[in-house]
Protein chains: 4
Amino acid sequence: MIIVMKSGAPEAEVDRLTEELNQTWGLTPEKIVGRYKVVIGLVGDTADLDPLQLQEMSSWIEQVLRVEQPFKRASREFRHGEASDVIVNTPNGPVHFGENHPLVVIAGPCSVENEEMIVETARRVKAAGAKFLRGGAYKPRTSPYSFQGHGESALELLAAAREETGLGIITELMDTADLEVLGEVADIIQVGARNMQNFALLKKVGAQDKPVFLKRGMSSTIEEWLMAAEYIMAAGNPNVILCERGIRTYDRQYCRNTLDLSVIPVLRSLTHLPIAIDPSHGTGWAEYVPAMAKAAIAAGTDSLMIEVHPNPQKALSDGPQSLTPDRFDRLMEELAVIGKAVNRWPQPEAVLA
Amino acid sequence: MIIVMKSGAPEAEVDRLTEELNQTWGLTPEKIVGRYKVVIGLVGDTADLDPLQLQEMSSWIEQVLRVEQPFKRASREFRHGEASDVIVNTPNGPVHFGENHPLVVIAGPCSVENEEMIVETARRVKAAGAKFLRGGAYKPRTSPYSFQGHGESALELLAAAREETGLGIITELMDTADLEVLGEVADIIQVGARNMQNFALLKKVGAQDKPVFLKRGMSSTIEEWLMAAEYIMAAGNPNVILCERGIRTYDRQYCRNTLDLSVIPVLRSLTHLPIAIDPSHGTGWAEYVPAMAKAAIAAGTDSLMIEVHPNPQKALSDGPQSLTPDRFDRLMEELAVIGKAVNRWPQPEAVLA
Amino acid sequence: MIIVMKSGAPEAEVDRLTEELNQTWGLTPEKIVGRYKVVIGLVGDTADLDPLQLQEMSSWIEQVLRVEQPFKRASREFRHGEASDVIVNTPNGPVHFGENHPLVVIAGPCSVENEEMIVETARRVKAAGAKFLRGGAYKPRTSPYSFQGHGESALELLAAAREETGLGIITELMDTADLEVLGEVADIIQVGARNMQNFALLKKVGAQDKPVFLKRGMSSTIEEWLMAAEYIMAAGNPNVILCERGIRTYDRQYCRNTLDLSVIPVLRSLTHLPIAIDPSHGTGWAEYVPAMAKAAIAAGTDSLMIEVHPNPQKALSDGPQSLTPDRFDRLMEELAVIGKAVNRWPQPEAVLA
Amino acid sequence: MIIVMKSGAPEAEVDRLTEELNQTWGLTPEKIVGRYKVVIGLVGDTADLDPLQLQEMSSWIEQVLRVEQPFKRASREFRHGEASDVIVNTPNGPVHFGENHPLVVIAGPCSVENEEMIVETARRVKAAGAKFLRGGAYKPRTSPYSFQGHGESALELLAAAREETGLGIITELMDTADLEVLGEVADIIQVGARNMQNFALLKKVGAQDKPVFLKRGMSSTIEEWLMAAEYIMAAGNPNVILCERGIRTYDRQYCRNTLDLSVIPVLRSLTHLPIAIDPSHGTGWAEYVPAMAKAAIAAGTDSLMIEVHPNPQKALSDGPQSLTPDRFDRLMEELAVIGKAVNRWPQPEAVLA
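Residues numbered from 1 in each chain as written. Chains lettered and ligands numbered in written order. Predicted model: local features only at pLDDT ≥ 70, side-chain atom pairs only at ≥ 80, totals over all residues. Heavy atoms only, no water.

Draft legend 1. Quick look at the overall build of chain A. Assigned secondary structure in chain A consists of eleven helices and 14 strands. Here the C-alpha coordinates of chain A stretch approximately 80 × 45 × 40 Å along the principal axes. Each of the 353 residues in chain A was classed as buried or not, and the buried ones make up 66%. Here the analysis covers contacts within chain A between residues at least 6 apart in sequence; of these, 66% occur between residues at least 24 apart. (Helix = DSSP H or I, 4+ residues; strand = E, 2+ residues; numbered from the N terminus. Buried < 20%, exposed > 50% of the residue type's maximum accessible area, 1.4 Å probe, protein only. Contact = heavy atoms within 4.5 Å.)

See below:
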């Protein structure tokens with residue numbers, strides 16, 4: 001932490017401040033007297049200090065600059081530069097999310113509508129190569145009058161699809177009260193963009209065992225996103241997957257959000273956690289999904305989440321961004337071309353004789 | 001709702017679509033054949049229709065334009081153009097929030113730290129003219145390592161300050177699990193910016209009686225904000241106060257957020273609900289609070305929420321944006337000048353002989 | 001300037017760097033060795049150094065933090081804390097823009113359409129209390145097919161309105177080639193939002209004598225805006241007025257831009273230059289102009305620019321944000337209430353016997 | 001164009017309006033009477049109409065919705081769905097930019113510093129596979145005190161590099177006054193992000209023959225960008241290449257801009273013009289360039305512009321985002337892997353016997 005004093009700060013005030021910094025926090029302040037301003041460097045453990053709190057220690061302070069990252073467990077340094085590996089046990093076997101593993105594809109509808117559609121979708125996406133089925137039981141909707149998801153009964157349908165296909169299940173938790181019932185079905189628990197800073201929810205999913213798929217908030221900075229991961233990890237759960245799903249910008253005419261693929265190299269340098277990209281929400285339109293999915297693989301994503309619906313025109317939510325199963329089949333072939341070029345495409349499983 | 005077909009859409013497809021619109025939704029589609037494009041107007045009750053769902057009915061649809069507002073109970077029309085009046089019973093008597101009432105000032109610290117500080121602050125802000133005491137028991141903090149509020153014990157301290165001064169209490173609810181205990185103390189329940197689209201929470205505060213102070217999400221549109229109010233109202237609670245607290249923009253160097261005062265005239269034309277402005281979070285710096293508080297009154301706000309801390313440099317959260325009680329005294333005098341000029345300043349109470 | 005080294009930077013590299021900093025730039029680097037990182041403070045004249053260039057001096061540099069503001073002539077310190085006073089000589093006498101003077105109102109149509117309309121508008125806004133007439137001869141339009149302004153012939157009409165009413169004229173320069181002819185008519189030269197970083201234009205208006213009305217770019221930071229003013233001042237022209245006209249944010253449904261009134265207290269602390277607010281472009285809708293104009297005065301603006309058109313429904317550009325002369329008359333009465341309350345309203349001129 | 005009337009609009013007013021629409025603009029208005037609102041569709045040639053102007057025709061109009069795109073020459077329909085092909089003649093032969101041609105790589109330093117560096121860089125990027133050399137003679141810099149480019153003398157150095165290597169030259173025009181001298185050297189003229197809406201400049205480069213490389217403005221919508229291209233095309237020059245270089249968003253901590261790769265599929269559907277991506281400015285940091293360059297190819301870009309500097313730590317501008325020639329060599333090998341996978345990588349030239 002570095003404190004920059006205002007130009008003209010009295011020497012006595014600087015001395016008082018350095019003394020207080022030393023006595024209150026046990027820090028060793030070191031002073032640099034510049035041409036116009038005095039700068040104080042704080043030596044010691046400052047990671048938990050709040051720059052805003054320091055700011056208030058003197059009205060002669062101009063600004064407080066943080067030198068160290070506020071996240072610890074989520075930082076790449078925490079694992080000495082090694083990527084972490086989130087392993088999820090599905091009926092079809094363990095699936096590894098991480099930089100040193102093949103791309104993991106998650107696919108399925110926005111919301112679970114009925115047994116036939118979810119089981120059929122599961123079969124189709126499995127055949128095309130997906131390892132996980134997505135599907136919402138509880139849906140965050142802007143309007144109270146829109147379809148809110150079928151809730152608990154939808155969880156049962158997901159369980160049926162899981163049993164039928166062996167795919168892992170990922171579904172969103174919106175209310176801490178639903179954690180237990182949802183945790184019985186889900187292999188991965190999703191925290192949605194609107195709840196990325198619902199700290200009560202983060203603490204709860206941090207205090208249980210299932211891996212957490214943490215979507216980036218609509219206007220969250222990368223630092224805030226990693227701090228949300230830190231909440232989960234600090235509560236005891238190290239298995240977090242970070243999913244970019246488009247941010248809010250000034251231009252929403254042709255895409256509903258702006259998919260920020262630069263998070264891939266940025267997160268890679270900041271954190272050891274696996275990275276996923278959701279081009280369906282990221283663009284909002286099915287026709288733009290293939291180009292962005294390919295781009296995400298080329299940029300190095302560890303996972304892709306793609307909306308697939310057997311009949312998008314009848315979808316109860318998010319129809320325009322869903323692919324049909326046929327289009328998804330073709331997409332997987334297109335993705336394989338890029339995936340193989342960058343050595344991230346899963347090998348066909350060995351057939352036991 | 002208006003459907004714009006792509007240029008070149010076959011006549012047969014347009015006919016098929018209008019037929020389906022009529023049969024599925026009971027709407028009367030009317031067709032306008034333009035030079036390049038066909039436009040279909042939907043006559044009937046379309047307020048609950050989801051434009052995204054309509055979009056999927058044909059791949060020849062270019063766009064679906066909403067003509068009617070998606071909010072109903074929150075709309076100005078819902079009360080036939082009349083402003084609503086949120087009345088809160090405090091020990092000192094009822095306080096009215098609304099366009100036809102004097103400005104209501106809410107003041108107090110970011111978080112409740114101990115009994116002395118909260119009671120002392122309450123006394124000072126009451127003396128200066130505030131009607132409500134704010135103070136956080138549960139605090140949403142970006143970092144899991146920052147002070148998270150004293151929780152339930154802080155609620156007791158707020159109760160003590162209420163008893164001591166007769167001020168109404170407003171405090172933030174973060175977890176649905178805390179609603180009951182918090183509701184015993186709070187006269188108004190605050191939903192914070194980060195939870196504006198925590199729909200589980202909105203439904204819960206909508207299903208109880210206390211008025212709700214709904215802060216605008218950091219990057220929420222006005223429409224999304226009114227839809228969040230609609231969630232509360234649709235669940236049965238008509239007493240919602242809308243509070244602007246600064247939005248997130250590209251420039252965060254000098255202010256932590258961009259306080260969007262244009263919401264005042266915009267909301268006035270869209271909704272009957274009372275409007276509040278929080279210049280403390282809106283700017284993030286105490287020195288900018290007075291100018292923005294004055295501006296808010298001139299623009300017509302119904303309420304102001306201002307952070308006051310007896311000793312900002314020792315504040316456990318948000319120090320730099322808090323005013324001292326002395327500075328708050330002076331601010332109230334400055335505000336009175338504007339408030340009187342626009343006839344929104346409270347009259348001194350009649351002294352009973 | 002402060003250099004933060006990456007964690008683990010070798011001591012030899014730190015030594016090499018400090019030596020190079022000293023030899024190349026004549027700076028005295030002072031080193032603080034923290035628990036994890038080394039920080040180097042640079043003592044000497046660093047205002048012209050580019051942090052990005054320093055960054056490249058070693059791959060072990062994590063970040064370079066600027067401690068001093070990059071603007072000089074525009075800074076408040078440059079005038080030792082005193083506000084500057086931009087004086088414009090109009091036929092009706094000198095008008096002063098500045099913190100210690102009454103509010104200056106500028107009014108008129110978006111573009112000059114014909115002699116009758118511009119002279120009539122000039123008469124009306126003068127009668128209501130405006131000191132300057134605005135009107136575009138050259139118009140920046142998003143579409144090449146929209147009305148582009150009447151150009152040079154419109155300048156003649158502005159001259160006629162000036163002669164008729166004695167109002168000062170402010171009009172926009174878009175092309176350096178038009179500077180001479182425009183300078184013959186304009187009392188103040190406007191640089192529009194789209195040209196705020198047209199550095200060729202800034203240098204040219206800096207090299208002539210007329211005051212410059214510098215609109216903030218649509219997505220310019222306050223620092224970039226002050227650096228644009230610095231371009232003009234560094235070229236020799238100290239008479240710059242800063243005009244906020246709304247910034248671009250994610251929500252454009254109800255207002256065309258987000259009027260950022262917090263620039264008023266922020267600029268007041270950073271710069272000595274006069275401040276103007278344009279609520280017409282800032283909101284894009286005439287009905288929101290009065291509330292925002294009142295707010296701007298309460299927040300302390302030195303000037304207001306307001307669009308007035310005798311017949312908005314026939315306006316060739318920007319109709320929806322223009323007030324009629326009658327509405328402008330009433331607005332001036334409303335503004336007087338606030339202006340008098342804050343002691344910024346012009347006194348009626350003494351009548352000579 | 002569609003006009004939505006306010007709820008409760010009197011029938012007589014609707015009739016008056018439709019009559020006026022017909023008489024003033026020769027349009028055939030068609031009326032749809034909905035449950036709450038009346039909607040008027042305008043049949044006829046409405047592409048040049050300004051929605052804002054229509055809005056003013058009656059105070060009973062709620063909104064005016066554009067149904068047709070405002071750009072014509074830039075639209076995909078203008079070429080009946082065919083991609084256009086911008087051919088640039090360089091000393092080494094013609095280079096084709098377009099969807100049906102191999103990827104074109106442009107590389108070079110931010111600014112031209114001296115003959116040795118520019119010729120050396122040209123040789124290295126040519127050897128690695130670039131077809132064009134970039135290099136600024138005139139530099140847009142935020143500060144008037146930063147290096148502004150060597151101007152005309154830098155153009156001579158670019159000419160020397162062109163002669164030496166046969167590479168095409170692309171360089172930025174900032175002032176209309178420099179067009180002639182710059183046009184003698186440049187094979188492609190760049191219009192920078194800050195000048196994307198400098199309409200005087202757009203008209204000038206539209207009235208000459210050299211292809212124009214049009215960078216997207218920092219906060220320009222896709223529609224505004226295409227309208228800027230339309231300015232150039234309407235002035236007579238059909239050879240425009242659209243270059244995305246990162247937009248401004250709320251998060252600038254780790255990347256200087258947010259590179260918006262979704263423009264690739266979006267522009268492909270809207271326009272026939274070739275698309276380029278600049279990952280160097282788009283991220284601001286050399287270490288993030290490779291991932292984003294690969295992503296851009298996978299998403300379908302027609303061209304890449306990449307900053308290369310022989311000695312980034314001595315660069316007079318934009319050092320941190322420049323690659324060394326050695327790193328660029330490796331990058332080209334990495335890009336070839338993706339480029340070949342998607343069949344957009346240039347074939348090695350046949351060797352003449």
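Having put the structure on the table, let's press on.
Draft legend 2. Highlighting the packing of helix α7 (residues 222-234) of chain D against helix α8 (residues 263-270) of chain D. Residues and elements named next belong to chain D. Interaxial distance between α7 and α8 falls to 12 Å at its minimum, and their mutual angle equals 50°. Taken as axis vectors, α7 and α8 run oblique relative to one another. Between α7 and α8 lies a crossing whose hand is right-handed. Seen from α7, the contacting residues are Ile-222, Trp-225 and Leu-226; seen from α8, they are Val-263, Val-266, Leu-267 and Leu-270. (Axes fitted to C-alpha atoms, helices over the stretch in contact; angles between N-to-C directions. Parallel < 35°, antiparallel > 145°, perpendicular 65-115°, else oblique. Left-handed = near helix turned anticlockwise from the far one by under 90°.)

Draft legend 3. View of the sheet that holds strand β4 (residues 61-65) of chain C. Residue and element names in this part refer to chain C. Pairing within the open sheet is antiparallel, and its four strands lie in the order β2-β3-β1-β4. In this open sheet, the two edge strands, each paired with only one partner strand, are β2 (28-33) and β4. If you compare each strand with its neighbour and ignore which way they point, the axes differ by 20° on average. As paired elements, strand β1 (residues 2-5) and strand β3 (residues 38-43) share three bridges and run antiparallel to each other. Its bridge partner lying in β3, Ile-3 is registered against Ile-40. (Pairing = 2+ DSSP bridges.)

Draft legend 4. Expanded view of the state of the cysteines. Under the defined criterion, the tally for this structure stands at zero disulfides over all chains. No disulfide involves Cys110(C); its sulfur sits 13 Å from the nearest other cysteine sulfur, which is in Cys243(C). (Disulfide = S-S within 2.5 Å.)

Draft legend 5. Spotlight on a negative patch on the surface. All names here are of chain A. Negative charge collects at one region of the surface, where Glu-152, Glu-156, Glu-180 and Glu-184 lie side by side. In this fold, Glu-184 is placed in helix α5 (residues 179-185). By relative accessible area, Glu-184 is classed as exposed at 64%. (Patch = residues over 30% accessible without salt bridge, like charges linked within 9 Å, V, L, I, M, F, W, Y side chains within 5 Å. Areas by Shrake-Rupley, 256 points an atom, 1.4 Å probe, with all protein chains shown as cover. Salt bridge = Lys/Arg side-chain N within 4 Å of Asp/Glu carboxyl O. Lys, Arg positive; Asp, Glu negative; His and termini not counted. Charge placed at Lys NZ, Arg CZ, Asp CG, Glu CD.)

Draft legend 6. Fine view of the relation of the copies chain A and chain B. Superposing chain A onto chain B takes a rotation of 180° plus a shift of 0.0 Å along the axis, which leaves an RMSD of 0.0 Å. The transformation relating the two chain copies, once decomposed into turn and shift, fits a two-fold axis. Measuring from the rotation axis to each C-alpha of chain A, the shortest distance belongs to Ser219(A), at 3.1 Å. With an isologous cut-off of 70% or more, the 100% of interface residues of chain A that recur at the interface of chain B puts this contact in the isologous class. (Least-squares fit on C-alpha atoms with pLDDT ≥ 70 in both.)

Draft legend 7. Just unusual backbone geometry, in detail. Not every positive phi belongs to a glycine, and Asn343(B) is a case in point at roughly 60°. On the secondary structure map, Asn343(B) appears in the segment after α11 (325-341). Its relative accessible area of 68% is what places Asn343(B) among the exposed residues. In this structure, His80(C) is a non-glycine residue whose phi angle is positive, near 55°. The residue His80(C) is located in the loop between β4 and β5 (86-90) in this model.

Draft legend 8. Layout of the interface of chain A and chain C. Contact with chain A, which involves 25 residues of that partner, is made by 25 residues of chain C. Broken down residue by residue, the surface that chain A buries against chain C is led by Ile32(A), Val67(A) and Tyr250(A), which jointly contribute 28%. For the pair chain A and chain C, the number of links is zero salt bridges. At the boundary of chain A with chain C, the tally comes to two residue pairs in polar contact (both at pLDDT 80 or more). For the side of chain A that touches chain C, the elements supplying multiple residues, two or more each, are β1 (2-5), β2 (28-33), β3 (38-43) and β4 (61-65) of chain A. The element that contributes the greatest number of residues to the side of chain A that touches chain C is β2(A), accounting for four residues. (Buried area = accessible area lost by both parts, 1.4 Å probe. Polar contact = N/O pair within 3.5 Å; in protein donor to acceptor, adjacent residues only side chain to side chain.)

Draft legend 9. Just the packing of aromatic side chains, in detail. Summed over the entire model, instances satisfying the criterion amount to eight aromatic pairs over all chains. Here the aromatic rings of Phe199(C) and Tyr231(C) are separated by 4.5 Å at their centres, their planes lie at 20°, and the arrangement is stacked. With a gap of 32 residues between them, Phe199(C) in helix α6 (residues 199-206) and Tyr231(C) in helix α7 (residues 222-234) connect regions that are remote in the sequence. For Phe199(C), a relative accessible area of 1% translates into the label buried. You can call Tyr231(C) buried: its relative accessible area is 2%. Relative to Phe132(D), the ring of Phe97(D) has its centre 5.5 Å away and its plane inclined at 40°; by these criteria the two rings are tilted. Of the two residues, Phe97(D) sits in strand β6 (residues 93-97) while Phe132(D) sits in strand β8 (residues 132-134), which places them 35 residues apart along the sequence. Across this residue pair, the class does not change: Phe97(D) and Phe132(D) are buried. Sitting over the ring of Tyr145(B), Lys72(A) keeps its end group 4.6 Å from the ring centre. (Phe/Tyr/Trp six-rings, centres within 6.5 Å; stacked < 30°, edge-to-face > 60°. Lys NZ or Arg CZ within 6 Å of the ring centre and 35° of its normal.)

Draft legend 10. Broad picture of the sheet that holds β8(D). All names here are of chain D. Sheet architecture is closed into a barrel: eight strands sit in the order β7-β8-β9-β10-β11-β12-β13-β14, paired in parallel fashion. Shown here is a sheet whose adjacent strand axes are inclined to one another by a mean of 25°, direction ignored. Pairing of strand β11 (residues 212-215) with strand β12 (residues 240-244) involves four bridges; the strand directions are parallel. Counterpart to Phe-213 in the pairing with β12 is Ile-241. Contacts from helix α3 (residues 115-128) reach β7 (104-108) and β8, with the element oriented near 145° to β8. Seen against the sheet, helix α4 (residues 152-165) touches β8 and β9 (168-172) and runs at an angle of roughly 160° to β9.

Draft legend 11. Representation of the interface of chain A and chain B within the structure. Listed by partner, the interface residues are 50 residues for chain A and 50 residues for chain B. Both faces combined, the contact of chain A with chain B buries some 4,300 Å², and carbon together with sulfur accounts for 49% of it. Summed over the shared surface of chain A and chain B, the number is four salt bridges. Salt-bridge contacts for Asp175(B) lead to Lys204(A); the nearest nitrogen and oxygen are separated by 3.5 Å. Of all the elements in the fold, those that place two or more residues in the side of chain A that touches chain B are α2 (51-55), α6 (199-206) and α7 (222-234) of chain A. Considering every element that reaches the side of chain A that touches chain B, the biggest residue donor is α7(A), with five residues. Residue classes in the side of chain A that touches chain B are distributed as 18 nonpolar, 14 polar and 18 charged. (Nonpolar A, V, L, I, M, F, W, Y, C, P; charged D, E, K, R; others polar.)

Draft legend 12. Structural detail: helix α11 (residues 325-341) of chain A. Under the 1.5 Å per step criterion, the end-to-end length of α11(A) is 24 Å for 17 residues, consistent within 8% with the ideal 24 Å. For α11(A), every residue scored as buried is listed here: Pro325(A), Arg327(A), Phe328(A), Leu331(A), Met332(A), Leu335(A), Ala336(A), Ile338(A) and Gly339(A). Along its buried surface, α11(A) packs onto β7 (104-108), α3 (115-128), α10 (289-299) and β14 (303-307) of chain A together with α10 (289-299) and α11 (325-341) of chain D. (Expected span 1.5 Å × (residues − 1).)

Draft legend 13. Examining the side chain of Thr165(B) more closely. Mapped onto the elements of the fold, Thr165(B) is located in helix α4 (residues 152-165). In this structure Thr165(B) touches Asn92(B), Ala122(B), Arg123(B) and Lys126(B), once residues within four positions along its chain are discounted.

Draft legend 14. Focus on helix α3 (residues 115-128) of chain C. Residues and elements named next belong to chain C. In a regular helix each residue adds 1.5 Å, so 14 residues correspond to 20 Å; α3 covers 20 Å between its end C-alpha atoms and thus fits that length. Packed against the buried residues of α3 are β7 (104-108), β8 (132-134), α4 (152-165) and α11 (325-341). Here α3 starts with a cap whose side-chain oxygen sits 3.2 Å from the backbone nitrogen of Glu-116, and that cap is Asn-114. Of the residues one or two after α3, Gly-129 is the one with positive phi, at around 120°.

Draft legend 15. Summary view of the environment of Ala296(A). Residue and element names in this part refer to chain A. Its location among the elements puts Ala-296 in helix α10. Accessibility expressed as a relative area gives 0% for Ala-296, which makes it buried. Along the chain, Ala-296 and Val-105 lie 191 residues apart, while their C-alpha atoms are 12 Å from each other. When near neighbours in sequence (up to four residues on either side) are disregarded, Ala-296 contacts Leu-261, Ile-264, Ile-277, Thr-301 and Leu-304.

Draft legend 16. Geometry of the side chain of Asp178(C). Mapped onto the elements of the fold, Asp178(C) is located in the loop between β9 (168-172) and α5 (179-183). In this structure, Asp178(C) is buried with no salt-bridge partner, the nearest side chain bearing the opposite charge being Lys204(D) at 7.8 Å. Non-local contacts of Asp178(C), meaning those with residues more than four positions away in its chain, are made with Tyr138(C) and Leu173(C).

Draft legend 17. Expanded view of the environment of Gly217(A). Structurally, Gly217(A) can be placed in the loop between β11 (212-215) and α7. Remark: the alpha-carbon pair of Gly217(A) and Ala127(A), spanning 90 residues in sequence, is separated by 32 Å. Sequence-distant contacts of Gly217(A), defined by excluding residues within four places in its chain, comprise Ala193(A), Met196(A) and Tyr250(D).

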